[in-house]
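Topology and contacts: notes
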Amino acid sequence: MSYEKAARDAGVDLDMPLLRAGNFDTVAQVHDVLFVSGSIALAPGGGGIDYVGRLGGDMDIETGQASARGAAEAILASVHQHLGTLDEVLRVVRLTGYVASDPGFNLQPKVINGASDLMIEVFGDAGRHARSAIGVAELPLGASVEVEAIFQIKH
């Protein structure tokens, strides 16, 4: 099965409008490596940010995982829109996840599993990756989770 089909079967809108909240590219390519800027969960149809809040405060783990998955969906849409297809991906190399956290909240790895699980669902073994999950006080635009990624692609 192609990665494109797997992503669409997983419910990912690869053509979603992407959000740029600054002067940067969503994807930077250096040879066979893609660096994908930090992404957040976007409301369906480009209607703004989904999942505003903080973990350990007004948001539970399951909602945080949905936010991380939404951020990963935006990453896949960025890669698709940059390359024209996900089928050029060789593997997911690394994810870095940032979780807006109240003091004392320390389950960031559980939250970022929402993003990791989607990468493995779409890419299978090629979706296994190195990862960091970091708690932060605030994220841009009030987002609860931000995820950035590195991919190796066919040269």
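Check the entry above for the structure.
Here's what I pulled together on the structure shown here.

Rules behind the numbers
- Residues numbered from 1 in each chain as written.
- Predicted model: local features only at pLDDT ≥ 70, side-chain atom pairs only at ≥ 80, totals over all residues.
- Heavy atoms only, no water.
- Axes fitted to C-alpha atoms, helices over the stretch in contact; angles between N-to-C directions.
- Helix = DSSP H or I, 4+ residues; strand = E, 2+ residues; numbered from the N terminus.
- Parallel < 35°, antiparallel > 145°, perpendicular 65-115°, else oblique.
- Left-handed = near helix turned anticlockwise from the far one by under 90°.
- Contact = heavy atoms within 4.5 Å.
- Pairing = 2+ DSSP bridges.
- Salt bridge = Lys/Arg side-chain N within 4 Å of Asp/Glu carboxyl O.
- Buried < 20%, exposed > 50% of the residue type's maximum accessible area, 1.4 Å probe, protein only.
- Phe/Tyr/Trp six-rings, centres within 6.5 Å; stacked < 30°, edge-to-face > 60°.
- Expected span 1.5 Å × (residues − 1).
- Bend = angle between axes of the 7 residues up to and from the residue.

Our next topic: the packing of helix α2 (residues 61-83) against helix α3 (residues 108-123). Axis separation between α2 and α3 bottoms out at 7 Å; the angle between their running directions is 45 degrees. As the angle between them shows, α2 and α3 are arranged oblique. As for how α2 packs across α3, the hand of that crossing is right-handed. Facing α2, whose interface residues are I61, G64, Q65, A68, R69, A72, E73, I75 and L76, α3 presents K110, V111, I112, G114, A115, L118, M119, E121, V122 and F123.

Pairing analysis gives four bridges linking strand β1 (residues 27-30) to strand β2 (residues 33-39), with the strands arranged antiparallel. Bridge pairing links Q29 to L34 in β2. Connecting the antiparallel pair β1 and β2 is a turn made up of two residues, with H31 showing a positive phi of about 55 degrees.

We now examine the pattern of salt bridges. A complete count under the given rule lists eight salt bridges for this structure. The salt bridge partner of R8 is D15, with a shortest N-O separation of 3.8 Å. Residue classification places R8 among the partly exposed residues on the basis of a relative accessible area of 40%. A salt bridge links E73 to R69; the shortest N-O distance between them is 3.4 Å. Here R69 and E73 lie together in helix α2, a separation of four residues that amounts to about one turn. Given the relative accessible area of 18%, E73 is considered buried.

As for its position among the elements, H82 is in helix α2. Looking at H82, the relative accessible area reads 35%, which means it is partly exposed. Taking C-alpha positions, H82 is 24 Å from A66, a pair spaced 16 residues apart along the chain.

On inspection of all chains with the given rule, the structure shows two aromatic pairs. Three or more aromatic residues joined by ring pairs form one cluster here, namely Y3, F123 and F151.

Helix length check: α3 (16 residues) gives 23 Å between terminal C-alpha atoms against 22 Å at 1.5 Å per residue, within 8%. In α3, a bend of some 35 degrees at G114 exceeds every other bend along the element. Taken together, the buried positions of α3 are Q108, V111, I112, G114, A115, S116, L118, M119, V122 and F123. Among the structural elements, α1 (3-9), α2, β3 (89-100), β4 (130-136) and β5 (145-153) are those in contact with the buried residues of α3. Phi for G124, located one or two positions after α3, is positive at around 60 degrees.

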